[in-house]
Amino acid sequence: MQKPNDLNQSRIVLKQDSTLIAVIEMSLSSWLVAGIVPDVERQPLKKLAVDESALLKLLNRWREEAEKAGRRIERITVAFEAGRDGFWLARWLRARGIEAHVIHASSVAVSREHRRAKTDRLDTELLKRAFLGWLRGERDHCKMVAIPTTKDEDAKRPNRERQSLVGEQTRIVNRMKAALIRLGIRGFNPKLKKAAGRLEDLRTPEGEPIPPNTLAELHRDMERRRLVSDQIRQIEKARLERMEQAPGDGPHAMVRLIARVIGVGIETADMLVHEVLSRKLRDRRAVARYAGLTGAPDESGSKRREKGLAKAGNARVRGGMIQLAWRFLLFQKDSALAQWYRTRTEGGRNRKTIIVALARKLLIALWRLVTTGEVPAGVVLRAA
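Since the structure is predicted, the reported quantities are computational estimates derived from the model, not experimental observations.

Asker: Is there a simple way to think about the overall build of the protein chain in this case?
Answerer: Across its full length, the protein chain holds 12 helices and seven strands. Taking the principal axes of its C-alpha atoms as reference, the protein chain extends roughly 90 × 55 × 55 Å. For the protein chain, buried positions account for 41% of its 384 residues. For the protein chain, long-range pairs separated by at least 24 residues make up 59% of all intrachain contacts whose partners lie at least 6 apart in sequence. Positive and negative side-chain charges in the protein chain, numbering 76 and 47 respectively, have mean positions lying 5 Å apart.

Listed below in structure tokens is the structure:
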């Protein structure tokens with residue numbers, strides 16, 4: 001029996017004589033739209049500017065062509081690959097009665113030639129072939145991406161913006177340290193509150209002050225770092241205010257529950273909830289696969305080996321879970337998962353390999369915690 005949230009095959013019977021099928025190869029400057037129109041021998045191909053209204057007019061024109069040929073169109077389906085444009089077009093088309101799907105780009109089979117020909121026209125042919133197989137109900141012919149609401153997409157922005165700002169802050173600090181080390185000045189911490197006032201007192205090993213251009217650059221970097229730090233604090237404060245205003249809201253309740261696990265901070269909990277745990281994943285294998293924490297076997301004939309992590313899922317979740325797994329070992333030493341890790345790594349063997357397995361098990365345990373309320377064995381929770 002097919003799961004209700006399974007996007008690997010279509011759940012609607014394809015009636016090709018009354019279905020208009022279109023695929024879009026999207027770029028920043030133009031869209032190439034290819035169609036399959038019932039009872040129209042040619043397979044139309046039209047290049048459009050990035051304009052959703054022009055796309056809708058084109059689909060209606062192809063519908064009229066089919067009706068002139070004697071076919072009544074009951075269903076219009078459109079598909080395109082997930083990419084920079086996100087999901088706004090799919091939501092816009094669905095609001096106008098058109099069935100829209102977003103194809104997972106890595107699930108479309110391509111030629112294995114060393115130098116395969118690649119053009120927008122050839123890409124539309126590949127998309128049509130993959131989309132047709134999916135519409136016919138062929139399992140795993142290609143995979144569709146779940147289309148989130150605008151609210152769901154917007155909920156991810158604070159955590160992602162904070163992650164970007166933290167990286168920018170680190171780059172600024174490293175650049176200041178590198179500028180000082182180039183002059184032979186070590187041991188100076190540019191993150192201190194009074195660091196800007198101490199720059200004029202610093203001296204190189206030759207006893208010279210910092211050159212004027214380098215000094216001006218350091219002052220600008222410190223101002224930039226201060227601005228980034230203020231923005232990070234604003235994001236954190238706004239998130240706490242939202243949680244206090246609606247503590248019983250679905251995602252907020254999940255964040256508060258996971259943050260009760262000792263060793264899991266509010267940042268990690270917020271990232272996990274909005275990136276993976278709030279999604280409707282059908283089982284534990286789907287949870288691990290979405291995070292990219294599953295293996296990539298390489299088997300052929302008598303050859304049996306593992307190529308490492310598939311890394312096909314969400315990189316933020318994967319990196320965050322591996323960091324959390326190391327932290328979990330420090331704060332939850334008596335838990336069943338920590339004991340499992342110590343048993344598998346006696347003598348210091350395979351620590352890096354087993355930590356990935358621990359991250360996968362821990363993610364599944366947290367998923368069960370927020371979906372069924374099952375607390376992982378031996379895990380200590382903070383007071384509610």
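Asker: What is the right way to read the pattern of salt bridges from this model?
Answerer: When their charged atoms lie close together, side chains carrying opposite charge are able to pair. Taken as a whole and assessed by the stated rule, the structure comprises 20 salt bridges. The salt bridge partner of Glu 153 is Arg 91, with a shortest N-O separation of 3.0 Å. Note that Glu 153 is positioned in helix α4 (residues 150–182) and Arg 91 in helix α2 (residues 88–94), a separation of 62 residues in sequence. Assessed through its relative accessible area of 23%, Arg 91 is described here as partly exposed. Note that Lys 128 and Glu 125 form a salt bridge whose closest N and O atoms lie 3.5 Å from each other. Residue Lys 128 and its partner Glu 125 are located together in helix α3 (residues 120–135), separated by three residues, close to a single helical turn. Judged by its relative accessible area of 32%, Glu 125 is partly exposed. Linked through salt bridges whose partners overlap, the residues forming this network are Arg 162, Glu 236, Arg 239 and Glu 267.

Asker: In this structure, what is going on with the packing of α4 against helix α6 (residues 212–245)? I would like to understand it.
Answerer: The N-to-C vectors of α4 and α6 enclose an angle of 160°; their axes lie 9 Å apart at closest approach. As summarised for this structure, α4 and α6 are arranged roughly antiparallel, according to the angle between their axes. As for how α4 packs across α6, the hand of that crossing is left-handed. Split into classes, the residues belonging to the contact of α4 with α6 amount to 13 nonpolar, four polar and nine charged.

Asker: Sorry if this is basic, but what is going on with the packing of aromatic side chains here?
Answerer: Here the distance between the centres and the angle between the planes together describe a pair of aromatic rings. Applying the stated criterion across every chain, the model contains three aromatic pairs. Ring geometry for Trp 31 versus Trp 88: centroids 6.3 Å apart, planes at 35°, classification tilted. Placement of Trp 31 in strand β2 (residues 30–36) and of Trp 88 in helix α2 is noted, with a sequence separation of 57 residues between them. Looking at Trp 31, the relative accessible area reads 0%, which means it is buried. Residue Trp 88 is classed as partly exposed on the basis of its relative accessible area, which comes to 30%. Here the aromatic rings of Phe 131 and Trp 134 are separated by 6.2 Å at their centres, their planes lie at 20°, and the arrangement is stacked. Linking Phe 131 with Trp 134, this pair stays in helix α3, spanning three residues, or about one helical turn. With a relative accessible area of 5%, Trp 134 lands in the buried category.

Asker: Can you help me understand the pairing of β2 in this one?
Answerer: Two faces belong to every sheet, and in a regular strand the side chains alternate between them. A large share of β2 lies buried, amounting to seven of its seven residues. Every second residue of β2 is oriented toward a common face, with Ser 30, Leu 32, Ala 34 and Ile 36 on one face and Trp 31, Val 33 and Gly 35 on the other, all of them buried. Here six bridges tie strand β1 (residues 19–26) to β2, and the two strands are oriented antiparallel to one another. Across the sheet, Val 23 pairs through a bridge with Ala 34, a residue of β2. Here β1 folds back onto β2 in antiparallel fashion, the turn holding three residues. With five bridges joining them, β2 and strand β3 (residues 45–49) adopt antiparallel strand pairing. Paired with Ser 30 across the two strands is Ala 49, which belongs to β3.

Asker: So what exactly am I meant to see when it comes to unusual backbone geometry here?
Answerer: Of all residues except glycine, most have a negative phi; of all peptide bonds, most are trans. At Asp 39, a position not held by glycine, the phi torsion is positive, near 60°. The class of Asp 39 is partly exposed, set by a relative accessible area of 48%. The phi angle at Asp 140 is positive, at roughly 60°, despite the residue not being glycine. Note that Asp 140 resides in the loop between α3 and α4. By relative accessible area, which is 44% here, Asp 140 ends up partly exposed.

Cut-offs used in this document
- Residues numbered from 1 in each chain as written.
- Predicted model: local features only at pLDDT ≥ 70, side-chain atom pairs only at ≥ 80, totals over all residues.
- Heavy atoms only, no water.
- Helix = DSSP H or I, 4+ residues; strand = E, 2+ residues; numbered from the N terminus.
- Buried < 20%, exposed > 50% of the residue type's maximum accessible area, 1.4 Å probe, protein only.
- Contact = heavy atoms within 4.5 Å.
- Lys, Arg positive; Asp, Glu negative; His and termini not counted.
- Charge placed at Lys NZ, Arg CZ, Asp CG, Glu CD.
- Salt bridge = Lys/Arg side-chain N within 4 Å of Asp/Glu carboxyl O.
- Axes fitted to C-alpha atoms, helices over the stretch in contact; angles between N-to-C directions.
- Parallel < 35°, antiparallel > 145°, perpendicular 65-115°, else oblique.
- Left-handed = near helix turned anticlockwise from the far one by under 90°.
- Nonpolar A, V, L, I, M, F, W, Y, C, P; charged D, E, K, R; others polar.
- Phe/Tyr/Trp six-rings, centres within 6.5 Å; stacked < 30°, edge-to-face > 60°.
- Pairing = 2+ DSSP bridges.

Everything listed is a geometric property; what it means functionally is a separate question.
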